[in-house]
Amino acid sequence: MDKVYLTWWQVDRAIFSLADKLREYKPDVIVGIARGGLIPAVRLSHILGDIELKIIDVKFYTDINEHAEMPKITIPIYGDLKDKRVVIVDDVSDTGKTLQVVINEVKRLGAKEIKVACLAMKPWTSVVPDFYVFRTDKWIVFPWEEFPVVVRE
Ligand code: 5GP
């Protein structure tokens, strides 16, 4: 599969663009999906004015294109989400299965309203995020995945 590399700068601009869209929705809580959703989730929680950040970890991929049937929650969300307006944040919606599992969990914990924000989506996903910036059929390499960290202009 072809790869596309995103820079920190591109990702940060994308996060600010998600923040602009989320300002109208006025979430009470951000649920960041580990690992890929954590950096955007932390950044959004600051940009949107220190809103509460919760974390969930869902394991699915073992390697590029090699994955188990369904993702499993390995770190559950702490506490409940009763009557909260929640935004679920991840790096990319690919098959959409991770997001489906997290959406179900957030509903089960009592959220009043749920939106999904991702940096990117694949055209074949079963869960099109309410807010996203990039749409590609390539494998995306995020800047935090490269080692040593490379800055591309
Ligand atoms: P899904 O459940 O939507 O198939 O996959 C979700 C997770 O798989 C994402 O949160 C991400 O961690 C990983 N993933 C899927 N596609 C890509 C990609 O193109 N690049 C990277 N870096 N991770 C991906």
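Thresholds applied
- Residues numbered from 1 in each chain as written.
- Predicted model: local features only at pLDDT ≥ 70, side-chain atom pairs only at ≥ 80, totals over all residues.
- Heavy atoms only, no water.
- Buried < 20%, exposed > 50% of the residue type's maximum accessible area, 1.4 Å probe, protein only.
- Helix = DSSP H or I, 4+ residues; strand = E, 2+ residues; numbered from the N terminus.
- Arc of directions from axis to C-beta.
- Phe/Tyr/Trp six-rings, centres within 6.5 Å; stacked < 30°, edge-to-face > 60°.
- Core = buried A, V, L, I, M, F, W, Y, C linked by side-chain atoms within 4.5 Å.
- Contact = heavy atoms within 4.5 Å.
- Near = heavy atom within 4 Å.
- Polar contact = N/O pair within 3.5 Å; in protein donor to acceptor, adjacent residues only side chain to side chain.
- Areas by Shrake-Rupley, 256 points an atom, 1.4 Å probe, with all protein chains shown as cover.
- Nonpolar A, V, L, I, M, F, W, Y, C, P; charged D, E, K, R; others polar.
- Pairing = 2+ DSSP bridges.
- Right-handed = clockwise from strand over helix to strand, strands pointing away.

Student: Just to check I follow, could you spell out helix 2 (residues 38–47) for this structure?
Tutor: Residues three or four positions apart in an α-helix share a direction because the helix packs 3.6 residues into each turn. Burial in helix 2 covers these residues: P40, A41, L44, S45 and I47. Buried residues in helix 2, looked at end-on, bunch into an arc of 165°, giving them a common side. After helix 2 finishes, the residue G49 shows a positive phi value of roughly 95°.

Student: Sorry, what's going on with the packing of aromatic side chains here?
Tutor: Working definition: an aromatic ring pair is given by the centre-to-centre distance plus the angle between the planes. Per the counting criterion, the structure on display carries two aromatic pairs. Here W8 and W144 contribute two aromatic rings whose centre-to-centre distance is 5.8 Å and whose plane-to-plane angle is 55°, an arrangement assigned as tilted. Remark: W144 occurs in the segment after strand 8 (139–141) and W8 occurs in helix 1 (residues 8–25); sequence separation between them is 136 residues. Between F142 and W144, the aromatic rings sit 5.1 Å apart at their centres with planes inclined by 5°, giving stacked as the arrangement. Judged by relative accessible area, which is 1%, F142 ranks as buried.

Student: Would you mind going over the nonpolar core with me for this structure?
Tutor: In a soluble, globular protein the nonpolar side chains are often hidden away together inside. Judged by nonpolar contacts, the single largest core of 23 residues is most densely connected at L22 and L44. Elements that contribute at least two residues to this core include exactly helix 1, helix 2, strand 5 (85–93) and strand 6 (113–121). Top contributing element to this core by residue count: helix 1, with seven residues. Excluding residues within four positions of it along the chain, L22 makes contact with P27, L44, L48, V87, A117 and F131. Formed by 18 residues, the second largest nonpolar core is a distinct cluster that contains I77, I88, L109 and V116.

Student: Please clarify how the site of the ligand should be interpreted in this entry.
Tutor: Among the 17 residues in the neighbourhood of the ligand, the closest are listed as D94, T95, T98, K122 and I140. Here a nitrogen atom of the ligand sits 2.8 Å away from a polar atom, N or O, in the side chain of E145. Relative to its free-state accessible area of 500 Å², the ligand is covered by the protein chains to the extent of 91%. The element contributing the most residues to the shell around the ligand is strand 5, with four residues. Of the residues that constitute the shell around the ligand, the class distribution is six nonpolar, four polar and seven charged.

Student: Please clarify how the pairing of strand 6 should be interpreted in this entry.
Tutor: Regular strands show a simple pattern: their side chains alternate between the two faces of the sheet. Examined bridge by bridge, strand 5 and strand 6 share eight bridges and lie parallel to one another. By the bridge assignment for strand 6, D90 is matched with C118. The parallel pair strand 5 and strand 6 is bridged by helix 3 (residues 97–108), and the resulting crossover is right-handed. With two bridges connecting them, strand 6 and strand 7 (residues 134–135) associate as parallel partners. In the strand pairing of strand 7, A120 is matched with F134.

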